[in-house]
Amino acid sequence: MPVDKGLYMPVSIPYQDISFFDKIAGGSLADVGYEICKSLFAGEIADANLQQITHQAFPFETPVINLAEKDLGVLELFHGPSLAFKDVGARFMASLMSYFSGKTDKEVHILVATSGDTGGAVAMGFHNVPGVRVSILYPSGRVSDLQEKQLTTLGGNVQAFEVKGSFDDCQAIVKQAFLDPTLTDRVALSSANSINIFRLIPQSFYYVSAYGQSKHVGKPIVFSTPSGNFGNLSAGVLAQRMGLPVHHFIAATNLNHVVPDYLHTGAYQPKESVATISNAMDVGSPSNFVRLTHLYGDQFDNVSRQVKGYYFDDAATEAGMQQIYARYGYVACPHTAIGIMGAQEDKKQTNEDFYHIALATAHPSKFKPLVEQVLGVEVDVPERLAVLSAREKHSFLIDPDYESFREAFSATL
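What you see is a predicted model, and the numbers here were worked out from it, not measured in a lab.

Caption draft 1: Here's a closer look at the packing of aromatic side chains. Overall, the coordinates contain 18 aromatic pairs when judged by the stated rule. Aromatic pair phenylalanine 161 and phenylalanine 409: ring centres 6.4 Å apart, planes at 50 degrees, arrangement tilted. One end of the pair, phenylalanine 161, is in strand β5 (residues 158–163); the other, phenylalanine 409, is in helix α19 (residues 402–410), with 248 residues separating them in the sequence. Each member of the pair, phenylalanine 161 as well as phenylalanine 409, carries the same accessibility label: buried. When the centroid spacing of 5.2 Å and the interplanar angle of 25 degrees are considered together, the rings of phenylalanine 405 and phenylalanine 409 count as stacked. Residue phenylalanine 405 and its partner phenylalanine 409 are both found in helix α19; the two are separated by 4 residues, about one turn of the helix. By relative accessible area, which is 0% here, phenylalanine 409 ends up buried. Grouped by ring-pair contacts, the aromatic residues Phe161, Phe396, Tyr402, Phe405 and Phe409 constitute a single cluster.

Caption draft 2: Layout of unusual backbone geometry. Phi is positive for alanine 42, which is not a glycine, with a value near 45 degrees. Following the sequence through the fold, alanine 42 ends up in the loop between α2 (29–41) and α3 (47–57). Of note, asparagine 128 is a non-glycine position whose phi angle comes to about 65 degrees, a positive value. Tracing the backbone through its elements, the reader meets asparagine 128 in the loop between α5 (117–126) and β4 (132–139). Classification of asparagine 128 as exposed rests on a relative accessible area of 54%.

Caption draft 3: Here's a closer look at the nonpolar core. Core analysis: the largest hydrophobic core is formed by 61 residues, its most contacted members being Phe58, Phe92, Phe205, Tyr206, Val208, Phe223 and Phe249. The element that contributes the greatest number of residues to this core is α2, accounting for 8 residues. Leave out the neighbours within four places in its chain, and phenylalanine 205 touches Leu29, Val32, Gly33, Ile36, Cys37, Phe58 and Phe92. With 34 residues, the next largest nonpolar core counts Ala68, Ala252, Met341 and Val379 among its residues.

Caption draft 4: Up close: the environment of lysine 70. Positionally, lysine 70 belongs in the loop between β1 (64–68) and β2 (72–76). Relative accessible area serves as the criterion here: at 47%, lysine 70 is assigned to the partly exposed category. Each C-alpha atom of the pair lysine 70 and aspartate 87 lies 28 Å from the other, and the pair is 17 residues apart in sequence. Here lysine 70 is in contact with Val217, Lys219 and Tyr355, once residues within four sequence places are set aside.

Caption draft 5: Structural detail: the side chain of threonine 317. Relative to the assigned elements, threonine 317 resides in helix α15 (residues 314–328). Note on threonine 317: relative accessible area 0%, which makes it buried. Non-local contacts of threonine 317, meaning those with residues more than four positions away in its chain, are made with Ile277, Phe312, Pro334, Ala337, Ile338 and Met341.

Caption draft 6: Representation of α3 in the model. Within α3, burial applies to Leu50, Ile53, Thr54 and Ala57. Angularly, the buried residues of α3 cover 90 degrees about the axis, an arc narrow enough to put them on a single face. Exposed residues lying more than 90 degrees from the buried face of α3 are Ala48 and Gln52. Among the structural elements, α2 and α4 (86–101) are those in contact with the buried residues of α3.

Caption draft 7: Molecular detail of the sheet that holds β5. What the 5 strands build is an open sheet, ordered β6-β3-β4-β5-β11; its pairing is parallel. Across the chains shown, the open sheet's two edge strands, defined by having one partner strand only, are β6 (188–191) and β11 (396–398). Each strand of the sheet is rotated relative to its neighbour by a mean of 25 degrees, with strand direction disregarded. Inspection of the sheet shows strand β3 (residues 108–113) paired to β4 by 6 bridges, in the parallel sense. Paired with leucine 111 across the bridge in β4 is serine 135. Strand contacts of α19: β3, β4, β5, β6 and β11, with the helix running at about 155 degrees to β5, the strand carrying the most contacts.

The rules behind the values
- Residues numbered from 1 in each chain as written.
- Predicted model: local features only at pLDDT ≥ 70, side-chain atom pairs only at ≥ 80, totals over all residues.
- Heavy atoms only, no water.
- Phe/Tyr/Trp six-rings, centres within 6.5 Å; stacked < 30°, edge-to-face > 60°.
- Helix = DSSP H or I, 4+ residues; strand = E, 2+ residues; numbered from the N terminus.
- Buried < 20%, exposed > 50% of the residue type's maximum accessible area, 1.4 Å probe, protein only.
- Core = buried A, V, L, I, M, F, W, Y, C linked by side-chain atoms within 4.5 Å.
- Contact = heavy atoms within 4.5 Å.
- Arc of directions from axis to C-beta.
- Pairing = 2+ DSSP bridges.
- Axes fitted to C-alpha atoms, helices over the stretch in contact; angles between N-to-C directions.

As structure tokens, this is what we get:
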């Protein structure tokens, strides 16, 4: 992390005309990622190595499922090992770090804060990767049972710190750790949160893939992104800045709606996070807000023209889950439901003929008790997640302050 507590961005973003995207967008997710990496990295990594990195990272696809033909689709991002969209960024980072670890004998320690899905994806993506250790901080009582199992049961090179506070507390601790010379002089730290640009870049790949799967509809495309820390939305804007034809984006949030408020008023006022049933989006001070605005030249008019903001409380989210299931027969987790509801609300507000694509960020089984209670249907748990339920949890319970973390973390070194 830079010493000014800012976030890294590419020095330049190469612009490609529509023919570039029309040519690559029909390929696999791995092929799309390879072509975008070649454009962004400009020879920093040999093409053969880039191809190996992307194909190692993405043995799965991100399909667009039509809910209403030529009107509304869902981009399913939960077909990776941890059943959440964070697999794309985490597996790319793991593949990239595995490549670089082969060039050095120095161990890298990944430090990551999670509101739910990031931790599971990072834990599974980096588990047993040579030359890498992982420490995950998560808010106690604010992740689902299966999410917590993903963080706390793998062992090996993965350890978890259960913080008696919010995600914002976890994120603040991680940021402070990167600026603590008494720690960074002893340990080579790296981040797997979306504050790390190499977690965010690969998330642009599935926006391009979705365009390739949907351009035949012949309508301008709008993406509705369930948003918490705003890395996912920023990745889509990065693809747009590279030339991907996107009409506009939707920032769909829960009661942590500081960005929708900003889009309506022009005033950005971070707040304490509020706990909701869509817990992975419970972020009151999103780190990637500065990236989002930077990508639009730090001009409010540009941001508000290209990004629309809508938010929904828990009661509206539950009602939305029920409406989506009744209308489309689609079982959505609360985060995915907010994305779909954002698309539906945007249709009402704009009253224009767009093809809206909502991002389905997690498999509903990750929120099995809630989804079953709200919808009254049984949700099957894929085997790769079900096997974790019987495993014993192991975590370090700490107070929500940096000194508590540093003491506990140092004892593990």
